[in-house]
Amino acid sequence: MTAPLELLRSMTRIRMVEEEIAKRYPQQQMRCPVHLSIGQEAAAVGVCAALQPSDWAFSGHRNHAHYLAKGGNLKAMLAEIYGKATGCCGGKGGSMHLTDQTAGFIGATPIVGSTVPIAVGAALTAQREGKGRVVVVFLGDGAMEAGVVHESLNFAALKKLPILFACENNLYSVYSPLEVRQPPQRSISDLAAGHGVKTVQADGNDAQEVYGKACAAVQDLRQGAGPVFMELPTYRWLEHCGPGYDNDIGYRTEGEFQEWKQRDPLVISSQQLSAVLESAEIDAIRDEIEAAFSAAISDPFPDPASAGLHVYAPAKDTGPEPERGTRELTYAEALREAQDMYLAKYDCSYLMGLGVPDPKGIFGTTLGLQKKYGESRVFDIPLSENAITGVAIGSAITGMRPILTHQRLDFALVSIDQIVNQAAKWHYMFNGAMKVPLVIRMIIGRGWGQGPQHSQSLHAWFAHIPGLKVITPSTPHDAKGMLIAALEDDNPVLLLEHRWLHSAKGFVPKVYYSTPLEGCNIVKKGNDISLVTHSYGVNECREAAIRLKKYNISAEVVDLRSISPLDMSFILKSVKKTGRLIVVDDAERSCGISAEILAKVTEGIEKDLLSTPSRLTCPEHPCPTSSKLSEKYYTTASDIVLEVLKHFHRPMDFNEPGNTHDFRYDQPNPSYTGPF
Ligand SMILES: Cc1ncc(C[n+]2csc(CCOP(=O)(O)OP(=O)(O)O)c2C)c(N)n1
Ligand SMILES: [Mg+2]
């Protein structure tokens, strides 16, 4: 039980911290945006008082009050706002990214609504632990307009997760009042109730009322009754971002502000208690705050050289690779086997995605796994890719090891915020405090009319984002070994599987093994020209290399295997040897991985090459659907032979038998028929 006086003390402390931030902000030493909660303290304090230190809390841009109410370290918070090495994120996060793992304040991020699915993922972990832990996520009225929040409410209701959505409805999203954003006849709670989530209303300026209702909600959560949504009407006194009052700029009236100011949470609390804090107590809080500011100001800045630290969690030693053996598997079977062995090895691992347990099991790659591991570890998902990616992240940072599948890469694009803003950055922006061991499988479609939205290979796009690893294995051996390496890795890894490789056969060791995520594979040695490629392109280059023998040209085929990290040492070594380079990449040309490789070869090789490096890529338009229109879209072995011959100023023998591949542009082989 938290005593009413304790609620007042906690609110007063938060108010005094934020007033001091507002006072000192113009000194320009706190050089990051600050979103102050002055006027809103009761919601934070009332909710957090109902929690145990072992419960987890998440928040957004306006998070100081939540962090402090949950027991977050004041010194580490102020040092973070001052950009100091002693800050809770070592200066990498600032005011909008506070974290204190010891206090159970897991994290805050300012992409509105984005932390909500991550908190839901943490609630999935809490549910699996079965220890009665609960999760709270603070959000604003504006966040209730974000699709990802609705996806999250749906998922939390579906799985009956132990999460409290604490919605501080302060009537505004920056300068936009509720009236211009939501229809008048519908309340914010109605939105949550529509998802089957229990709703509770409490006066967001009355800490005692919030606390009482939060305690009841938390008790229900601990007993597994499913999620609760609390709507807490309140009002921020200061400008949306920054230290000043802004009632004069026209988006809200002085009258409205004064009305809410009359309902000051601290005054309400004092009135209920018929008491105020003793001056000695106020003095003690003031001394604590003064000391924390002094420390933050005098603490050292981080070493500039540390700016690049923590982009990735440390790599693990993957151990030696076993002999290839004589057992053949298809690429799809190899992927399935990797996941099977991983699920067997780690209880904390799980597999989810649209269609995972369906009769076709993602082209055979997940067949039978639900039956073997149960519905709690292998499951289908709602059509909510964005939130589900957040769920995967939230569960990963709290100790689970998720695998998420997408039947096409194109579908994963609706979760770009979660992949790029969250998964890729969580380890970095919280200064290595949390790891994100997450594998996202994405399938690249091709042929049989996959068209503009079922065929994109955006490996270069993802590789542009520090914090992500991007791999594109080309053989069944690598599919199993690299998937296991990705799963064992503590970073978000995107596995891009080419649909046309699923039926490819190759030797795959039976044991659990890892193929390193870094480093190319020399598929075929050669001396005259380097063909650098990856994924399905390896097949075309390999065939081109065979056909080039007829011209007495010895081509070396280099399989990138990993797009990020990109290991240039293999490529440079190969090009130094051959003096000639063609990059073959089934993706857009501009700003693609082919451009990156050519740039790095230019930077990395001092001597003149024997010919100008070139590249074969898709044309600069989306892949059309009609088989006639897509006939020339992808690079074939013939295109490669022709391009190689140009490097040698030699003509092509068009009568050569291998030059006709009628089915090739639309099917990987004649037996592989659509739809797929
Ligand atoms: C996805 C996204 N869009 C826009 C913004 C810019 N932005 C920052 S805070 C904010 C308002 C959020 O309103 P609300 O959720 O009610 O929280 P409040 O600021 O009122 O506490 C906006 C639009 C953002 N950070 N993220
Ligand atoms: Mg708001």
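An account of the accompanying structure is given in this report. (Residues numbered from 1 in each chain as written. Chains lettered and ligands numbered in written order. Predicted model: local features only at pLDDT ≥ 70, side-chain atom pairs only at ≥ 80, totals over all residues. Heavy atoms only, no water.)

## Quick notes on helix H15 (residues 385–397)
Residue pairs three or four apart in sequence face the same way in an α-helix, which turns once every 3.6 residues. As a reminder of what qualifies: Runs of E in the DSSP output that reach at least two residues are strands. Runs of H or I that reach at least four are helices, and both are numbered from the N terminus. Expected helix span is given by 1.5 Å per residue-to-residue step, counting one fewer step than there are residues. Per-residue accessibility, obtained with a 1.4 Å probe over protein chains only, is compared with the maximum for each type, and a residue is labelled buried under 20%, exposed over 50%, and partly exposed between these values.
In this model H15 runs 18 Å from its N-terminal to its C-terminal C-alpha over 13 residues, within 8% of the 18 Å that 1.5 Å per residue would give. Burial within H15 is extensive, with 13 of its 13 residues counted as buried. Residue Gly399 follows H15 closely and has a positive phi angle near 115°.

## What to know about the coordination of the magnesium ion (ligand 2)
Put simply, the rule is: Water is not among the atoms examined, so metal sites may look incomplete; donors are the N, O and S atoms within 2.8 Å of the metal, or within 3.2 Å for Na, K and Ca.
Looking at the magnesium ion (ligand 2), one finds its protein donor set to be Asp141 (OD), Asn170 (OD1) and Tyr172 (O), positioned 2.1 Å from the metal centre. Mapped onto the sequence, the donors of the magnesium ion (ligand 2) take the spacing D-x28-N-x1-Y. Of this pair, Asp141 sits in the loop between strand E3 (135–140) and helix H6 (147–159) while Asn170 sits in the loop between strand E4 (163–169) and strand E5 (172–173), and the two are 29 residues apart along the sequence. Each of the two residues, Asp141 as well as Asn170, counts as buried.

## Digging into the site of ligand 1
Stated precisely, the cut-off is as follows: Each residue is tested against the molecule or strand, and it is near if at least one of its non-hydrogen atoms lies within 4 Å. Here a polar contact means two N or O atoms within 3.5 Å. Within protein one must be a hydrogen donor candidate and the other an acceptor candidate, and residues neighboring in sequence count only if both atoms are side-chain atoms. Each accessible area value is a Shrake-Rupley result obtained with a 1.4 Å probe; residue values ignore everything except the protein chains displayed when judging cover.
Around ligand 1 there are 14 residues in total, and His61, Arg62, Pro110, Gly142 and Tyr172 lie nearest to it. Between ligand 1 and the protein, one listed contact pairs an oxygen atom with a side-chain N or O atom of Arg62 at 2.8 Å. In the model, a nitrogen atom of ligand 1 is placed 3.0 Å from a nitrogen or oxygen of the Val112 main chain. Look at ligand 1: alone it shows 580 Å² of surface, and the protein chains cover 69% of it.

## Focus: the environment of Ser349
Defined as follows: Only heavy atoms enter the contact rule, under which two residues are in contact if any of them lie within 4.5 Å.
With respect to the secondary-structure elements, Ser349 resides in strand E10 (residues 349–353). Residues Ser349 and Ala424 lie 75 residues apart in sequence; the distance between their C-alpha atoms is 20 Å. Sequence-distant contacts of Ser349, that is, excluding residues within four places in its chain, are made with Tyr342, Leu343, Arg377 and Arg401. Within the structure, Ser349 has its side chain in polar contact with the backbone oxygen of Tyr346 (distance 2.6 Å).

## Remarks on the sheet that holds strand E19 (residues 555–559)
For clarity, the cut-off: Here, a strand pair is defined by DSSP locating no fewer than two bridges between the strands. Fitting a line to C-alpha atoms yields each axis, with helices limited to the stretch in contact; the angle taken between N-to-C directions then spans 0 to 180 degrees.
Within the open sheet, the 5 strands sit side by side as E17-E19-E18-E21-E22. Their pairing is mixed. With one partner strand each, in any of the chains shown, strand E17 (521–524) and strand E22 (614–618) form the two edges of the open sheet. Direction aside, neighbouring strands of the sheet carry axes that sit 25° apart on average. Bridge count for strand E18 (residues 529–533) against E19 is 5 bridges, and the pairing is parallel. Looking at the pairing, Thr533 lines up with Asp559 of E19. Where helix H23 (residues 593–604) meets the sheet, it contacts E18, strand E21 (581–588) and E22, and its direction lies at approximately 155° from that of E21.

## Looking at the packing of aromatic side chains
This is how the line gets drawn: Between rings of Phe, Tyr and Trp, where Trp is taken as its six-membered ring, a pair exists when centres lie within 6.5 Å; planes separated by under 30 degrees are stacked, by over 60 edge-to-face, and by other angles tilted.
One pass over the structure, following the stated rule, counts 14 aromatic pairs. Residues Trp426 and Phe430 carry aromatic rings whose centres are separated by 4.9 Å and whose planes lie at 50° to one another, so their mutual orientation is tilted. Here Trp426 and Phe430 have matching classes, each one buried. A ring pair is formed by Trp500 and Tyr536, whose centres lie 5.3 Å apart and whose planes are at 85°; its orientation type is edge-to-face. Taken as a pair, Trp500 in the loop between strand E15 (492–498) and strand E16 (505–507) and Tyr536 in the loop between E18 and helix H21 (537–548) lie far apart in primary sequence, 36 residues in all. A single burial state applies to Trp500 and to Tyr536, both of which are buried. Connected via pairs of aromatic rings, a cluster forms that spans Tyr172, Tyr175, Tyr235, Tyr251 and Trp260.

## Structural notes on the sheet that holds strand E12 (residues 401–406)
One open sheet holds the 7 strands; their spatial order is E11-E10-E12-E13-E15-E14-E20, and the pairing between them is mixed. Where the open sheet ends on each side, the last strands, each with one partner, are strand E11 (378–379) and strand E20 (562–564). The pairing of strand E14 (residues 469–471) with E20 spans 2 bridges and is classified as antiparallel. Its bridge partner being in E20, Val470 is matched across the sheet by Ser564. Together, E10, E11, E12, strand E13 (438–444) and E15 form the strand contacts of helix H12 (residues 331–345), whose direction differs from that of E10 by roughly 135°.

## Comments concerning the nonpolar core
Applicable threshold: Only buried residues count toward a nonpolar core. Its members are Ala, Val, Leu, Ile, Met, Phe, Trp, Tyr and Cys residues joined through side-chain atoms within 4.5 Å.
By size, the foremost hydrophobic cluster in this structure holds 156 residues, and its most contacted members are Ile21, Val47, Phe58, Ile163, Phe165 and Ile597. Listed in part, the 34 residues of the second largest apolar core include Leu329, Tyr373, Leu483 and Tyr513.

## Digging into the pairing of E3
Each regular strand carries side chains that alternate between the two faces of the sheet. Condition: We call a crossover right-handed when, viewed with both strands directed away from the observer, the connection leading from the first strand over the helix to the second proceeds clockwise.
Here E3 lies mainly inside the structure; 5 of its 6 residues are buried. Direction of pairing for strand E1 (residues 56–59) relative to E3: parallel, over a ladder of 3 bridges. Among the inter-strand pairings, Trp56 is bridged to a residue of E3, identified as Val135. Handedness of the β-α-β unit built from E3, H6 and E4 comes out right-handed.

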